Amino acid sequence: MHLLISKKIIIYLSLFCFLVSINNITLMNFNFPKIKKIEIIGLNFNERKKIENIINDANFENIFSLDKQYLQKKINSINIIEQFEIFKNYPSTLKIFIKETKILAQTKKNGSDYFIGSNGKLILNDYSSSSLPFVFGDLNVEEFLKFKNEVDKSNFDFKKIIKLYYFKSKRWDIETSDGYLVKLSRNDVEKDLNLFFRLSNEDKFKNELVIDFRQKDQIILNGK
């Protein structure tokens with residue numbers, strides 16, 4: 001009886017090994033389909049080509065061997081991008097959904113022109129845009145974003161700014177489309193702008209084109 005059971009076990013094991021061997025040979029000979037289609041949604045043609053080149057240069061054999069972490073790092077190096085998501089559409093399509101950063105202003109750094117993105121990155125600018133405010137000074141992008149946040153909390157419209165001047169003391173001056181030069185204090189930007197907004201809408205202050213908030217608890221007005 002024990003001998004019969006042992007023979008059955010040997011037969012089953014032999015059959016199992018045979019089937020596993022067959023499957024291994026099949027898997028070794030099976031070629032996963034290569035990435036045949038790359039869909040990039042949310043960028044202009046030139047920026048899409050950059051991402052396509054990144055994928056092609058990485059030479060991923062197929063969608064299963066795609067190194068998502070590597071791809072994320074490379075896409076993050078493109079400064080125009082704010083957010084993105086990568087989807088593998090099996091068996092051979094790669095989809096990437098991208099949100100571009102919002103362009104807030106323009107500046108010059110080390111002799112080159114840049115846009116300032118809401119993602120805190122500088123984007124190389126091949127052409128100037130008169131519709132965006134220009135930032136002068138040795139710009140700290142993080143300080144600019146803090147300043148922009150203070151402006152957005154105030155009653156004053158950021159779109160009315162045509163020039164910004166950044167100082168090493170982390171203080172800002174602004175020139176507006178109405179011809180005002182506003183010298184803001186360092187720590188009360190929202191308060192200063194709310195007061196400026198009120199003054200600029202009163203007729204008796206229309207000729208006071210320089211408004212200085214730098215002195216604590218004082219406003220200095222100068223006309224032309």
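Attention in this report is confined to the structure presented alongside it.

Cut-offs and rules
- Residues numbered from 1 in each chain as written.
- Predicted model: local features only at pLDDT ≥ 70, side-chain atom pairs only at ≥ 80, totals over all residues.
- Heavy atoms only, no water.
- Axes fitted to C-alpha atoms, helices over the stretch in contact; angles between N-to-C directions.
- Helix = DSSP H or I, 4+ residues; strand = E, 2+ residues; numbered from the N terminus.
- Left-handed = near helix turned anticlockwise from the far one by under 90°.
- Contact = heavy atoms within 4.5 Å.
- Nonpolar A, V, L, I, M, F, W, Y, C, P; charged D, E, K, R; others polar.
- Pairing = 2+ DSSP bridges.

### Some details on the packing of helix H2 (residues 45–58) against helix H3 (residues 68–76)
For any two helices packed against each other, the geometry is given by the interaxial angle and the distance between the axes.
So, step 1. Running from N to C, H2 and H3 cross one another at 145°; their axes reach a closest spacing of 10 Å. Our pair here, H2 against H3, has a crossing hand that is right-handed. Contact residues: Ile 51, Ile 54, Ile 55 and Ala 58 in H2; Tyr 70, Leu 71, Lys 74 and Ile 75 in H3.
So, step 2. Across the contact of H2 with H3, the residue classes tally to seven nonpolar, no polar and one charged.

### A look at the pairing of strand E4 (residues 103–109)
So, step 1. Bridge analysis of E4 against strand E5 (residues 112–117) gives six bridges, and the strand direction is antiparallel. Pairing of Ala 105 across the sheet is with Ile 116, part of E5.
So, step 2. Once E4 ends, the chain turns through two residues before running back antiparallel as E5, passing Asn 110 with a positive phi of about 50°.

### Some words on the side chain of Asn 125
So, step 1. If you trace the backbone, Asn 125 turns up in the loop between strand E6 (122–124) and strand E7 (134–136).
So, step 2. Among residues more than four places away in sequence, those in contact with Asn 125 are Gln 106, Asp 113, Tyr 114 and Phe 115.

### Comments concerning the side chain of Lys 148
So, step 1. Tracing the sequence through the fold places Lys 148 in helix H4 (residues 141–153).
So, step 2. Among all residues touching Lys 148, those that are not within four sequence positions of it are Leu 104 and Phe 158.

### Quick word on the sheet that holds strand E2 (residues 81–89)
Paired through backbone hydrogen bonds, the strands of a sheet run either parallel or antiparallel to each other.
So, step 1. Ordered by their spatial adjacency, three strands build an open sheet running E1-E3-E2, and the pairing between neighbours is mixed. One side of each edge strand has no neighbouring strand; the edge strands of this open sheet are strand E1 (37–41) and E2. Each strand axis lies, on average, 15° off the axis of its neighbour in the sheet, ignoring direction.
So, step 2. For E1 and strand E3 (residues 93–100), the ladder comprises five bridges, and the chain directions are parallel. In the sheet register, Lys 37 faces E3, and the bridge partner there is Thr 93.
So, step 3. Its contacts with the sheet put H3 on E2 and E3, and the angle it makes with E2 is roughly 150°.

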